[in-house]
Amino acid sequence: MPRWLWLLCFVVVSVAVVLLEPYDSDSSGAASSGGTGPSPTYSGSAALQALAMLPVRDAASQSGYERGMFGSAWTDSVTVEFGKNGCDTRNDILKRDLVHISLEPATKDCTVRTGTLHDPYTGTEIFFRRGSATSSQVQIDHVVALSNAWKTGAQQLDEQQRRDLANDPRNLIAVDGPTNQSKGDSDAAQWLPPNPGYHCDYVAQQIEVKTVYELWVTPAEHDAMSRVLAAC
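The structure reproduced in this document is the subject of the present report.

Rules used in this analysis
- Throughout, residues of each chain are indexed from 1 in the direction in which the sequence is written.
- Thresholds applied to this predicted model are a pLDDT of at least 70 for local features of residues and 80 or more for the giving and counting of side-chain atom pairs; totals over whole chains, interfaces and linings are not thresholded and use all residues.
- Note that the side-chain values use all heavy atoms of the structure and ignore hydrogens as well as water.
- Numbered from the N terminus, helices here are DSSP runs of H or I no shorter than four residues, and strands are runs of E no shorter than two.
- Each accessible area is a Shrake-Rupley result for a 1.4 Å probe, and residues are judged covered by the shown protein chains and nothing else.
- Any cysteine sulfur atom paired with another within 2.5 Å is treated as part of a disulfide.
- Only protein chains enter the accessibility calculation, which uses a 1.4 Å probe. A residue is then buried if its area is under 20% of the maximum for its type, exposed if over 50%, and partly exposed in between.
- Throughout, a contact is declared for two residues whenever any of their heavy atoms are within 4.5 Å.
- N or O atoms closer than or at 3.5 Å make up a polar contact, with two conditions inside protein: a donor-capable atom paired with an acceptor-capable one, and, for residues adjacent in sequence, both atoms drawn from side chains.

**Section: the overall build of the chain**
Of the regular secondary structure elements, the chain holds nine helices and six strands. Here the chain displays about 11700 Å² of accessible surface, and carbon together with sulfur accounts for 54% of that area.

Here you go:
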């Protein structure tokens, strides 16, 4: 075989390998120490001050609640951060919160194939691999559960506002799947993450979401949040 033809074959094969390789976003020094997660606007005394501004009322009836009242799951048709970027919300949050990620080819850099989660709820490290038997190991938690939001004011929001609430990155975080399941739709009076080191940020994040969407807290929820923040 002529040398020029051998070189041409080598170049073609090399290009094909590069194109088929999944995209790896392990890039910045900041990402190597953990995904960003939502960053609370409030902390410490500021969170307590914001909590004091929230209305305190008993929970409303859950009558009429269903997941569909907050739009299709992980819709991109929202006006909050990441909205209308062409990717579904679940993958937006996986890309934000996981490190060392690889993306599925031919998905416009949207679908996360693999990655590592430094889980704030448990303090453990979890390897994520997309698949029917593995994807549920990392789930996206609504920091303020949607049914809790429904019972504390979201019934009064319009359709777009409820879609935004369900897909707002401020209200979403990638976490350990079984731990998310154990939370269910509990509020801060009923459930806190197993990792006590994350209690302050968790409660501050709930307060921010309830402030933005003009929701209220129940008396028990208010007292539980106050106790957590008093120790921050």
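Now, onward.
**Digging into the state of the cysteines**
For the structure on display, the rule yields two disulfides. Note that Cys 87 is cross-linked by a disulfide to Cys 110, the S-S spacing being 1.9 Å. Between Cys 87 and Cys 110 the disulfide shows an S-S torsion of about -75°. By sign, it is left-handed. Of the two residues, Cys 87 sits in the loop between helix 3 (45-53) and helix 4 (89-97) while Cys 110 sits in the loop between strand 2 (99-103) and strand 3 (112-118), which places them 23 residues apart along the sequence. Overall, the relative accessible area of 6% leaves Cys 87 in the buried class. Looking at the chain, its bonded cysteines, counted consecutively from the start of the sequence, adopt the pairing 1-2, 3-4.

**Some details on the environment of Asn 171**
Along the chain, the position of Asn 171 falls in the loop between helix 6 (159-167) and strand 6 (172-176). Asn 171 sits in the buried class, given a relative accessible area of 0%. Sequence separation between Asn 171 and Ile 140 is 31 residues; the distance between their C-alpha atoms is 9.7 Å. The contact partners of Asn 171, leaving out residues within four places of it in the chain, are Asp 141, His 142, Val 143, Val 144, Leu 165 and Val 209. Within polar-contact distance, the side chain of Asn 171 engages the backbone oxygen of Leu 165 at 3.5 Å.

**Quick notes on unusual backbone geometry**
Negative phi is the rule for most residues except glycine; trans is the rule for most peptide bonds. For Lys 108, which is not glycine, the phi torsion reads 55° and is therefore positive. Locating Lys 108 in the fold gives a position in the loop between strand 2 and strand 3. On the accessibility criterion, Lys 108 (78% relative accessible area) is exposed. A positive phi angle, near 55°, is found at Glu 214, a position not held by glycine. Checked against the element boundaries, Glu 214 lands in the loop between helix 8 (199-212) and helix 9 (219-230).

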